[in-house]
Amino acid sequence: MSRAREAGVTTMINVGFDDPTNRAVLDEAATHPGVFCTQGVHPHEAAKATEETFAWIATHADDPRVVALGEMGLDYFKEYSAIPRQHEVFERQLEIAKTTGLPVVIHSRDAADDTFAMLQKASLPQGGIMHCYAYDADWAKRFLDLNFDISFSGVLTFKKAEALHVAATTLPLDRLHVETDAPWLAPMPHRGHTNEPAYVAHTAAALAHYRQLPLAEVAAQLALNAQRRFPRLTLPGGAS
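Notes on the structure follow. (Residues numbered from 1 in each chain as written. Predicted model: local features only at pLDDT ≥ 70, side-chain atom pairs only at ≥ 80, totals over all residues. Heavy atoms only, no water.)

## Thoughts on the overall build of the protein
How we decide: For the purposes of this entry, the term helix denotes a DSSP run of H or I that reaches at least four residues, the term strand denotes a run of E that reaches at least two, and both are numbered from the N terminus. Atoms counted for the radius of gyration: C-alpha only. Globule rule: 2.2 Å times the number of residues to the power 0.38. Partly exposed residues are those whose accessible area sits between 20% and 50% of the maximum for their type, while under 20% is buried and over 50% is exposed, using a 1.4 Å probe and protein chains only. Contacts are assigned to residue pairs with any non-hydrogen atoms lying within 4.5 Å of each other. The charge count treats Lys and Arg as positive and Asp and Glu as negative. His and the chain ends do not count. A single reference atom marks each charge: NZ on Lys, CZ on Arg, CG on Asp, CD on Glu.
Along the backbone of the protein there are nine helices and seven strands. Relative to a compact globule of 240 residues, whose C-alpha radius of gyration would be 18 Å, the protein shows 17 Å and is just as compact. For the protein, the C-alpha atoms occupy an extent of roughly 45 × 40 × 35 Å along the three principal directions. A total of 240 residues make up the protein; the buried ones form 52% of that total. Residue pairs in contact within the protein that sit at least 24 positions apart in sequence constitute 67% of those at least 6 positions apart. Put simply, the protein has 21 plus and 29 minus side-chain charges, and the middle of one group is 3 Å from the middle of the other.

This is the structure we're talking about:
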């Protein structure tokens, strides 16, 4: 966290993805200023979700430290949980989101069609973000139409990620975000190492490069985007 603040990253959203991490991120958000969290069940963990899991998420959705629900969604690439169970757990969380009005953080890998269909059916007016976005600009525009912003990980800095470069260049800047996906997907020049919040500055710099805009301008817009998408988020003095 000290390195993050030295890099200009003053506010962080720590993602819950199963029972233990949902509790841990709440505790960390209570301990560390500038740290907020989400509550959810990742599709990899869908097989482990219980009624108590959903009750916990619903109960703690009112906590001011919780700015969104998720990470939730579908993952057909690794399929650690059976696809029908992934659908069930995703749908339950979307129902909680509709009741609570919190935005959602969506994981979608090799599952664009079904993810889109389920989000369209859920019709969440508050929307959310497409976390660690990995599809092309055309899919991004479809998710934007459902009121979902696009969030880029460190993959944006990789030379061969041409589809993401196009998306970063052509999509509306006021609908974009950057993230770590820590401890994975560290951006260049740290690719292959453990990712951490400080490194999100490199992803923001890549976004500025592809937009052909000053980094300070892009950073200021990213801060505004985060505040708009996550209304409970408080940014110190407009910091990024």
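## As for the sheet that holds strand S2 (residues 35-39)
Just so we agree on the cut-off: For two strands to be treated as a pair, DSSP must find at least two bridges joining them. Interaxial angle, 0 to 180 degrees, is taken between N-to-C directions of lines fitted to C-alpha atoms, where a helix line uses only the stretch in contact.
Strands sit in the order S1-S2-S3-S4-S5-S6-S7 across an open sheet of seven strands; the sheet is parallel. Looking along the sheet, the strands with just one partner apiece sit at the ends: strand S1 (12-14) and strand S7 (176-178). Here the average twist between neighbouring strands, direction ignored, is 30°. Where S1 and S2 come together, three bridges link them in parallel fashion. Following the sheet pairing, Ile13 is matched in S2 by Phe36. Contacting strand S5 (128-130) and strand S6 (148-152), helix H6 (residues 137-145) runs over the sheet at an angle of about 140° to S6. Its contacts with the sheet put helix H9 (residues 215-229) on S5, S6 and S7, and the angle it makes with S7 is roughly 105°.

## Quick look at the pattern of salt bridges
Selection rule: Here, a salt bridge means any Lys or Arg side-chain nitrogen found within 4 Å of an Asp or Glu carboxyl oxygen.
Counting across every chain of the model gives nine salt bridges. Of the charged contacts, one joins Glu196 and Arg3 as a salt bridge, the two residues approaching to 2.8 Å between their closest N and O atoms. Pair noted here: Glu196 is in the loop between S7 and helix H8 (200-211) and Arg3 is in helix H1 (residues 2-6), with a separation of 193 residues, a long-range link. A residue is classified by how much of its surface remains accessible, and Arg3, at 55% relative accessible area, is exposed. Salt-bridge contacts for Lys121 lead to Glu91; the nearest nitrogen and oxygen are separated by 3.9 Å. Residue Lys121 is found in helix H5 (residues 112-122), and its partner Glu91 is found in helix H4 (residues 83-100); the two are separated by 30 residues along the sequence. According to the relative accessible area criterion, Lys121 is exposed, its value standing at 68%. Take Glu91: its relative accessible area is 37%, and that puts it in the partly exposed class.

## Quick look at empty space enclosed by the protein
Applicable threshold: The way it works is a 1 Å grid over only the protein atoms, where trapped points that fit a 1.4 Å probe form a cavity and open points with protein on both sides within 12 Å along at least five of seven lines form a pocket, and then any residue with an atom within 4 Å of a point lines it. Grid points are joined across faces, edges and corners, and a volume is the space filled by probe spheres set on the points. Think of it as three bins: nonpolar holds Ala, Val, Leu, Ile, Met, Phe, Trp, Tyr, Cys and Pro, charged holds Asp, Glu, Lys and Arg, and polar takes everything else, Gly as well.
If you walk through the whole model with that rule in mind, you get one cavity of 30 Å³ or more. By volume, the largest cavity amounts to about 30 Å³. Lining the largest cavity are Ser108, Met130, His131, Cys132, Tyr133, Ala134 and Tyr135. Of the residues that constitute the lining of the largest cavity, the class distribution is five nonpolar, two polar and no charged.

## Describing unusual backbone geometry
Omega for the peptide link from Gly70 to Glu71 comes to 20°, which places this bond in the cis form. With respect to the element layout, Glu71 can be found in strand S3 (residues 66-75). A cis amide bond links Met188 with the next residue in sequence, Pro189, at an omega value of 10°. Looking at where Pro189 falls in the secondary structure, it is placed in the loop between S7 and H8. You will see that Gln212, though not glycine, has its phi angle at about 55°, which is positive. Within the secondary structure, Gln212 sits in the loop between H8 and H9. Here Gln212 falls in the exposed class, since its relative accessible area comes to 75%.

## Comments concerning H5
Worth spelling out the cut-off: This arc describes the spread of directions from the helix axis toward the C-beta atoms.
Taken residue by residue, H5 has Ala112, Thr115, Phe116, Met118, Leu119 and Ala122 as its buried positions. Relative to the axis of H5, the buried residues are bounded by an arc of 165° and lie together on one face. The exposed set on the far side of H5, more than 90 degrees from its buried face, consists of Asp113 and Lys121. On its buried face, H5 sits against S3, H4, strand S4 (104-109), S5, H6 and S6. Backbone geometry just after H5 places Ser123 at a positive phi near 50°.

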